[in-house]
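# Observations on the model geometry
Take a look at the letters that make up each chain.
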Amino acid sequence: MPDFPLPVPLWADIPLALALLVLALWLTATRRDRAAVIGFTGYGLLAAIAWVRLGSVDVALTEAALGGGLMGLLLLTAAARLGERADQPRPAMPVRLLVGVLCLGVTLALAAVVLSLPAPAPNLVAAVAANQAATELGNPVAAVLIAFRAVDTMLESVVLALAVIVLWSFGADRAWGARPRTLDLGPPSPALMLLGRLLPPLGLIVGVHLFWTGADHPGGPFQGGAVLAAMAALLWLARLGEPPPVSDGLTRVGIVIGPLLFLLIGLAGAVIADAFLAYPEGLTKPLILLIEAAKTLSVAVALALLVAGPPELPAPAPARGETAAEPGGTV
Amino acid sequence: MTLWAAVDPWLAGPRSAELLFPLLALPVVGLLLAPLLGARGARLLALLNLAAGSVLALACALALVAADAPLIYPLGGWAAPLGVELRLDGPAAVMLVLTAVLLLLIGLHAAWEFSVPAMGRRATLGFWTLLLGVWAGLNGLFLGRDLFNLYVAIEVLTFSAVPMVCLKGHAAQLHAAFRYLLFALLGSALYLLGAGLMLGVHGTLDIAEIRAALDAGGTHPPDIGGHVRAASLAAVALMSTGLLAKTALMPLHLWLPPAHGGAPAPASAVLSALVVKGSFFLLLRLWLDLVPDLPELHVGLLLGGLGVFAILLGNLMALMQARLKLLVAYSTLAQLGYLFLVFPLASGASGGVASTAALVQVVSHALAKASLFLLAGRILTAFGHDRLPALGGFGRDMPLTLLVILLAGLALVGLPPSGGYLVKSLYAAAAAEQGAWWWPSALELGGLLSAAYLARILAIAVGPRAAAEATPAGPGVTAPLRGLVVPALLALGALLLGLLPPALVGVMDVARAGMASSGAVADVMRSALTPSGFWGSAGPVLAVALIVVLLHNAGASAWGRWLACVGHGLTGLEGWLRQWRTAGALLLLILFIQGWTAMG
Amino acid sequence: MTEAQIYGICGAGLVGIGLYGAILGRSALRRLLAFNLVGSGVFLIFGAIARRGGLAGGAASDPVPQALVITGLVVAFAATALAAALLIRLAAVERDEASARGKPEAAGAPSAPVAAPAKSTDPRTEQPATGQSGAGHS
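## Brief notes about the overall build of chain B
The helix and strand tally for chain B stands at 25 helices and two strands. For 600 residues, the compact-globule formula gives about 25 Å, and the C-alpha radius of gyration of chain B, at 23 Å, lands near that figure. Viewed in the frame of its principal axes, chain B has a C-alpha envelope of about 70 × 55 × 50 Å. Across the 600 residues in chain B, those meeting the buried criterion constitute 70%. For chain B, contacts bridging at least 24 residues in sequence account for 81% of all contacts bridging at least 6. Taking the average location of the 29 positive side-chain charges in chain B and that of its 23 negative ones, the two points are 17 Å from each other.

So, in structure tokens, the structure goes:
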């Protein structure tokens, strides 16, 4: 990727950094959980801009999609379900002072370390650039993720799949095999239904494009998968579709196909190419694209299901008219 | 071509490093196939997987001994710092074998309890998937040498361990699981922060490369390299604090008693025996392998001091517990303290002996604690509860169970030739060289306190039945004898650990400088099996046990008065330590103290 | 001041604020939120390191820390999802257990989290003990 021009002067960064800090302080101090969560979504979007300023567009895309979008939805549904509940008493002043001082100390010590990092900064830019050609990818971040540090990416796909299974195990015994219902928050407003019809086709295109273009430009399976997952969540929120039941075989295949394919190709690499998770020459780009396609699918399915929640039995009808703090029949 | 000749390139030849990645791939494949096979298939798959994995782990150990040098495997063919490498050395091999075999045995024991007819699909699929996840995470921890790869392995481990706590879905367990998760996540965040700083300072995340850079560059007092060294030590302090939170070293132990005490018995066994040892192993790697000249840093004193605190408070709290599983959980906290004595003693000629002691403790405690938790589960199943005051006379109903409990308990207490005895003697030998008599004294005291609560269990077991509770029909109905096989094996393994041929113990020396395990163990065991040596260590234990049993049978009032006086204050203190805010503040305090002592 | 330094200090501040919120947060959801702030701060520090490394190496940003952050973001998301689901489930189970015991006022107060169920005299801990009687009771 060529040098990233920074036409915006430096003084734009200080207000942005200050905004992040002030917003974080407000998030911590505000009394209402729901307000804090909404603020957190805004925080995620600001952080995405910060990442662009730091020259990491891939991370900015991921932060916007995951940190801003999906995380906000996740926490908002949680806040809606949990209601405003404080389970600890207000901390006494001495306690607040002590912890505040300790945290301030951590901040100062960290800032000192960050400011005293050695210059010239040690880096792996040259190493990546030198070896990138072997991966036939134009995006160095993608090369690192899929080739140089493939094991971390593979394990992390496994973490996603594992998280879905774990999430499902949080349901009740009786509800095993039912559909997830955390996104079932009541009849959708007309605006939501409109968005639910308009956005998903666009989101589908954007998501697939992000995956495809990630090979040579910022983007990739995580970013694309996150957008696709957000579209699925939107459909479910607008009640234009339902999350699949947890016993659905095709869904389970969708969850594991990404990491499984990654692992199998990696094992094949141990036999055909040099080592486990190595790619045979000549087949590198097709295999990488295949892995990334499967990964996009799995990431999309897994992220959508993580937002959808554990399986629940449908509520008895009268309970549904209650406030959002009373979820339907979660036995 | 014979089978031996066919596998020779891997077992003793140039391709032996290729045995490493299957130890990652195998559990992951199982993990991914489990949801496709459903609950019933998952159980079979997990057991087969673990069996194959045990063979593989043994093969790795054999290959390591044959090579007598570390086995290094660059994943994808990319070497560090660009890529990620796997590395096998002696201690890692020991841990790999222990993990695979122990998980297999616990799995076999749990095969009836976690089956679809007994538990339903949800809990069954959950348990077996999580078991494989724990295995995958642990293998990644033992084989990894890249700080971020280790982070991902820790996360796999945490995500697999936390749900095990709340598999049965009761409110108290869900609460315990959330506390465990949040505290562990804070620990992970601190660890990740440290790893990032390391990357910023050194440009690599590979432990060996960082060590080389620290050896070459930074020296005390500060010079050009002073910044580098200080920043590196700050990073290590961050990582270490995060790992301490995950290992539940007292006073950062708030999550462990409810989590290990509330989880289903096989899950508790896995959690206490293996999961907490994973993060401890990483601590060893950090302080012993990554940081040069640990002895000159005072952080060893801090960690050792916290270890002693854990030994004393953990054992005392165990003595006062009313529930058997909580007693065993507090016993884990105490035994974890034994592990941390390696840090102050890991210097000089005796440093290797201390490392041997720590590894032996890991193995011995894993075996004994797994056995105890499985037995506690057996009692729970038979009687419907594990409240000790109401379990009076259970030894008459379940004599064999009581016997195995005693065997496992004696291994923890440290009667020769058990693993516990090895640990105490090895630490004593290491401390003697440095003239630091207080560490072994703490160990002795810990052993006596362990004997006390073991004796309490014994006293309850042979004592009068609690009047109000009638034992339900025949424990033999819900506690078939096959449930004793695995606990008995594990207990005997822990109790007879000292009888292992020293050459076998020497496996943990491979690729480690300064360790002479087989010699140290042989020395220690020589005196153990003489009459004077035996009674020298057994005598105080028996005396304490006798006192406790007499006190107990002297009437509830005597016991109750003692408890009320001493126990009340301690319980209050410990309860205060387990409040979220206290633990959080202590986490930060310990971070600062570690950073300060690390930088001298 | 370079932008790497600015965002590095910002990240340090976020870590501090997040730790404060995680320790003293009044509800579990807020503590979870605060953990995400800590994570975000950690990632920003990674970003600062990536920026410094990139500029030193002639690119906009060092790709290796970027890749690590992307991995970390996904892991943090999965962790938050699990934690949030735990909280929702806990609230539901507490409600059910309270109504099963016939104590309507217990439905609002999510247990006494400060002194976790260590001593068995708390009736709440009796539940798991009796509920764990293995075969046939799930």
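Having seen the structure, we can now continue with the description.
## Here we look at the overall build of chain C
If you tally the helices and strands in chain C, you get four helices and zero strands. Intrachain contacts of chain C at a sequence separation of at least 6 include 47% that bridge at least 24 residues.

## Notes on a nonpolar patch on the surface
All names here are of chain A. On the surface, L194, L195, L198, L199 and L202 cluster together to form a nonpolar patch covering roughly 450 Å² of accessible area. Assignment of secondary structure puts L199 in helix α8 (residues 190-213). Looking at L199, the relative accessible area reads 32%, which means it is partly exposed.

## Considerations on unusual backbone geometry
Along the chain, B:A80 connects to B:P81 via a cis peptide bond; the corresponding omega equals 5°. Relative to the helices and strands, B:P81 resides in the loop between β1 (71-74) and β2 (85-88). One non-glycine residue, A:R239, adopts positive backbone phi at about 55°. Here A:R239 lies in the loop between α9 (221-237) and α10 (249-272). Of note, A:L277 is a non-glycine position whose phi angle comes to about 70°, a positive value.

## Quick look at the pattern of salt bridges
Here the structure, examined in full by the defined rule, presents 20 salt bridges over all chains. The shortest N-O distance in the salt bridge between A:E312 and A:R81 comes to 3.1 Å. Of the two residues, A:E312 is situated in the segment after α11 (284-308) and A:R81 in helix α3 (residues 57-82); the sequence distance between them amounts to 231 residues. With relative accessibility at 7%, the residue A:E312 sits in the buried group. Its relative accessible area of 5% is what places A:R81 among the buried residues. For B:D206, the salt bridge identified is with B:R145, shortest N-O distance 2.9 Å. Taken as a pair, B:D206 in the loop between α6 (171-202) and α7 (207-216) and B:R145 in the loop between α4 (116-143) and α5 (147-165) lie far apart in primary sequence, 61 residues in all. Taken together, the shared-partner salt bridges in this structure form one network comprising B:R87, B:D89, B:R285, B:D289 and B:R512.

## Side note on the domain arrangement of chain B
Residue and element names in this part refer to chain B. Taken as a whole, chain B is organised into domain 1 (1-144), domain 2 (181-292 + 560-600) and domain 3 (295-553). A separation of 26 Å is found between the C-alpha centroids of domain 1 and domain 2. Counting residues at the interface gives 21 residues for domain 1 and 18 residues for domain 2. Across the domain 1/domain 2 interface, buried area totals approximately 1500 Å², and carbon plus sulfur atoms make up 77% of it. Three residues, P81, I106 and L141, lead the burial of domain 1 against domain 2; their summed loss comes to 27% of the area buried on that side. For the pair domain 1 and domain 2, the number of links is one salt bridge. With a shortest N-O distance of 3.0 Å, D89 and R285 are connected by a salt bridge. Between domain 1 and domain 2 we count one residue pair in polar contact (both at pLDDT 80 or more) in total. Breaking the side of domain 1 that touches domain 2 down by element, the ones donating at least two residues are α3 (90-110) and α4. Sorting elements by how many residues they give to the side of domain 1 that touches domain 2 places α3 first, with nine residues. When the residues that make up the side of domain 1 that touches domain 2 are grouped by side-chain class, the tally is 17 nonpolar, one polar and three charged.

## As for the interface of chain B and chain A
It is common to give the size of an interface as the accessible area that goes away when the parts come together. Contact with chain B, which involves 55 residues of that partner, is made by 54 residues of chain A. Of the roughly 4800 Å² buried between chain B and chain A, counting both surfaces, carbon and sulfur atoms make up 79%. Of all residues in chain B, B:L82, B:R122 and B:R581 give up the largest surface area on contact with chain A, accounting jointly for 16% of the area buried on that side. The salt bridge involving A:R149 is made with B:D146; its shortest N-O contact spans 2.4 Å. Joining chain B to chain A, the criterion identifies seven residue pairs in polar contact (both at pLDDT 80 or more). For the side of chain B that touches chain A, the secondary-structure elements that each account for two or more residues are α2 (22-67), β1, α4, α5, α6, α8 (224-247) and α25 (580-598) of chain B. Within the side of chain B that touches chain A, the residues separate by chemical class into 40 nonpolar, eleven polar and four charged.

## Regarding the interface of chain C and chain A
In this complex, chain C contributes 83 residues to the contact, which on the side of chain A involves 97 residues. Counting the surface lost from both chain C and chain A, the interface buries some 7800 Å², and carbon and sulfur atoms represent 74% of this. Where chain C meets chain A, there are one salt bridge. One salt bridge in this structure joins A:D33 and C:R30, with 3.2 Å as the shortest N-O distance. At the junction of chain C and chain A, the tally comes to 14 residue pairs in polar contact (both at pLDDT 80 or more). For the side of chain C that touches chain A, the elements supplying multiple residues, two or more each, are α1 (3-24), α2 (28-57) and α3 (63-101) of chain C.

## Let's talk about the packing of helix α7 (residues 150-169) of chain A against α5(B)
Where α7(A) contacts α5(B), the two axes come as close as 10 Å, and the packing angle between them is 10°. Compared by their axis directions, α7(A) and α5(B) come out roughly parallel. Here α7(A) and α5(B) pass one another in a crossing that is left-handed. Two secondary-structure elements touch here, α7(A) through A:V151, A:D152, A:L155, A:E156, A:V159, A:L162 and A:V166 and α5(B) through B:F148, B:N149, B:V152, B:V156, B:F159, B:S160 and B:P163.

## A closer look at the environment of B:G446
Topologically, B:G446 is positioned in helix α18 (residues 438-462). A sequence separation of 156 residues divides B:G446 from B:L290, and the C-alpha atoms of the two residues are 30 Å apart.

## Structural notes on the packing of helix α1 (residues 13-29) of chain A against α1(C)
At a minimum axis separation of 10 Å, α1(A) and α1(C) run at an interaxial angle of 5°. Relative to α1(C), the element α1(A) is oriented roughly parallel. Between α1(A) and α1(C), the contacting residues are A:D13, A:I14, A:L16, A:A17, A:L20, A:L21, A:A24, A:L25 and A:T28 on the first element and C:E3, C:I6, C:Y7, C:C10, C:G13, C:L14, C:I17, C:Y20 and C:G21 on the second. Its residues assigned to classes, the contact of α1(A) with α1(C) shows 13 nonpolar, three polar and two charged.

## Notes on the packing of aromatic side chains
A full pass over the atoms with the stated rule returns 17 aromatic pairs over all chains. Taken together, a centroid distance of 5.0 Å and an interplanar angle of 85° make the contact between B:F127 and B:W128 edge-to-face. We note that B:F127, like B:W128, is buried. Consider the rings of B:Y180 and B:W255, whose centres lie 3.9 Å apart with planes at 0°: the pair is stacked. Remark: B:W255 occurs in the loop between α8 and α9 (256-262) and B:Y180 occurs in helix α6; sequence separation between them is 75 residues. Comparing B:Y180 with B:W255 shows no difference in burial state: the two are buried. A cation over an aromatic ring shows up here: C:R31 above the ring of B:W580, its NZ or CZ 5.7 Å from the ring centre.

## Here's the deal with the environment of B:L495
Residues and elements named next belong to chain B. Looking at the secondary structure, you find L495 in helix α20 (residues 485-495). As for L495 and A46, which are separated by 449 residues in sequence, their C-alpha atoms are 28 Å apart. Contact partners of L495, with chain neighbours within four places excluded, come to L407, L410, A411, P417 and S418.

## Overview of the confidence of the model for chain B
Residues and elements named next belong to chain B. Of the residues in chain B, 94% have a pLDDT of 70 or more, and the chain-wide mean is 87. The secondary-structure element of chain B with the lowest mean pLDDT is helix α19 (residues 475-478), recorded at 52, while α5 shows the highest, at 96. Confidence drops under a pLDDT of 50 for residues 218-223, and excluding neighbours within four residues, the segment shows six contacts in the predicted structure. Confidence drops under pLDDT 50 across residues 473-477; counting only partners more than four residues distant or on other chains, this segment forms three contacts.

What counts, and where the lines are drawn
- Residues numbered from 1 in each chain as written.
- Chains lettered and ligands numbered in written order.
- Predicted model: local features only at pLDDT ≥ 70, side-chain atom pairs only at ≥ 80, totals over all residues.
- Heavy atoms only, no water.
- Helix = DSSP H or I, 4+ residues; strand = E, 2+ residues; numbered from the N terminus.
- Rg over C-alpha atoms; globule rule 2.2 N^0.38 Å.
- Buried < 20%, exposed > 50% of the residue type's maximum accessible area, 1.4 Å probe, protein only.
- Contact = heavy atoms within 4.5 Å.
- Lys, Arg positive; Asp, Glu negative; His and termini not counted.
- Charge placed at Lys NZ, Arg CZ, Asp CG, Glu CD.
- Patch = residues over 30% accessible without salt bridge, like charges linked within 9 Å, V, L, I, M, F, W, Y side chains within 5 Å.
- Areas by Shrake-Rupley, 256 points an atom, 1.4 Å probe, with all protein chains shown as cover.
- Salt bridge = Lys/Arg side-chain N within 4 Å of Asp/Glu carboxyl O.
- Domains from an automatic or database assignment.
- Buried area = accessible area lost by both parts, 1.4 Å probe.
- Polar contact = N/O pair within 3.5 Å; in protein donor to acceptor, adjacent residues only side chain to side chain.
- Nonpolar A, V, L, I, M, F, W, Y, C, P; charged D, E, K, R; others polar.
- Axes fitted to C-alpha atoms, helices over the stretch in contact; angles between N-to-C directions.
- Parallel < 35°, antiparallel > 145°, perpendicular 65-115°, else oblique.
- Left-handed = near helix turned anticlockwise from the far one by under 90°.
- Phe/Tyr/Trp six-rings, centres within 6.5 Å; stacked < 30°, edge-to-face > 60°.
- Lys NZ or Arg CZ within 6 Å of the ring centre and 35° of its normal.
- pLDDT = per-residue confidence, 0-100.

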